[in-house]
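# Coordinate analysis (summary)
What follows is each chain in one-letter form.
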Amino acid sequence: MLQLRPNCEHCNKDLPPTSTEARICSFECTFCRDCVADVLQNVCPNCAGGFVHRPVRPLQNWKNQNNLQQYPASEMPVLRPVDASVQQALIALVGDLSPEAR
């Protein structure tokens with residue numbers, strides 16, 4: 001079950017569970033669309049993987065109790081601002097590789 005973390009790990013922008021701006025890597029590192037594009041260049045600073053849109057969990061119980069009320073989003077923020085020089089070195093190392101080739 002995805003945690004649906006409440007904020008961007010870099011800039012601390014609010015990313016509520018209904019946000020279409022949230023991006024995650026395969027380890028659920030969570031960043032906003034702008035940080036992924038402008039700061040991270042689609043390279044996760046924690047695992048060097050790529051990012052995808054975070055799914056939005058249904059608000060209502062449409063089927064089998066699979067909804068946000070039954071499975072609430074995390075309320076615990078994760079804040080790990082990225083060091084620009086470290087990120088640039090990581091991008092130089094893996095940035096030319098597609099995420100599936102990393």
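Just so you know, these numbers come straight off a predicted model, no measurement behind them.

## Points about the nonpolar core
Counting 13 residues, the largest nonpolar core has Cys8, Phe31, Leu40 and Phe51 as the members making the most contacts within it. Residue contacts for Phe51: discarding those within four places in its chain leaves Arg23, Ile24, Cys25, Cys29, Phe31, Val36, Leu40, Asn42, Val43, Cys44 and Pro45. Judged by nonpolar contacts, the second largest core, of five residues, contains Val43, Ala48, Leu90 and Ile91.

## Some words on unusual backbone geometry
A positive phi angle, near 70°, is found at Glu28, a position not held by glycine. One can find Glu28 in the loop between strand S1 (22–24) and strand S2 (30–32). A positive phi angle, close to 60°, is found at Asn42, a residue other than glycine. Within the element layout of this structure, Asn42 appears in the loop between helix H1 (33–40) and strand S3 (52–53).

## Observations regarding H1
Of the residues making up H1, those classed as buried are Cys35, Val36 and Leu40. Seen end-on, H1 carries its buried residues on one side only, within an arc spanning 100°. Contact partners of the buried residues in H1: S1, S2 and helix H2 (84–94). Immediately beyond the C-terminal end of H1, within one or two residues, lies Gln41, with a positive phi of roughly 55°.

About the thresholds
- Residue numbers run consecutively from 1 along every chain, following the written order of its sequence.
- Residues qualify for local features only when their pLDDT is at least 70, as the model is predicted, and side-chain atom pairs are given and counted only at 80 or more; totals for whole chains, interfaces and linings, by contrast, use all residues.
- Heavy atoms from the whole structure form the basis of all side-chain values; hydrogens and water molecules are not counted.
- In these notes, a set of buried Ala, Val, Leu, Ile, Met, Phe, Trp, Tyr and Cys residues joined through side-chain atoms within 4.5 Å is what counts as a nonpolar core.
- With a 1.4 Å probe rolled over the protein chains alone, any residue whose accessible area is under 20% of its type maximum counts as buried; one over 50% counts as exposed, and the rest are partly exposed.
- The criterion used for residue contact is that any of the two residues' heavy atoms lie within 4.5 Å.
- Strands here are runs of E lasting at least two residues and helices are runs of H or I lasting at least four, both read from the DSSP assignment and numbered beginning at the N terminus.
- Directions pointing from the helix axis toward each C-beta atom define the arc.

Interpretation in functional terms is not warranted from these geometric data alone.
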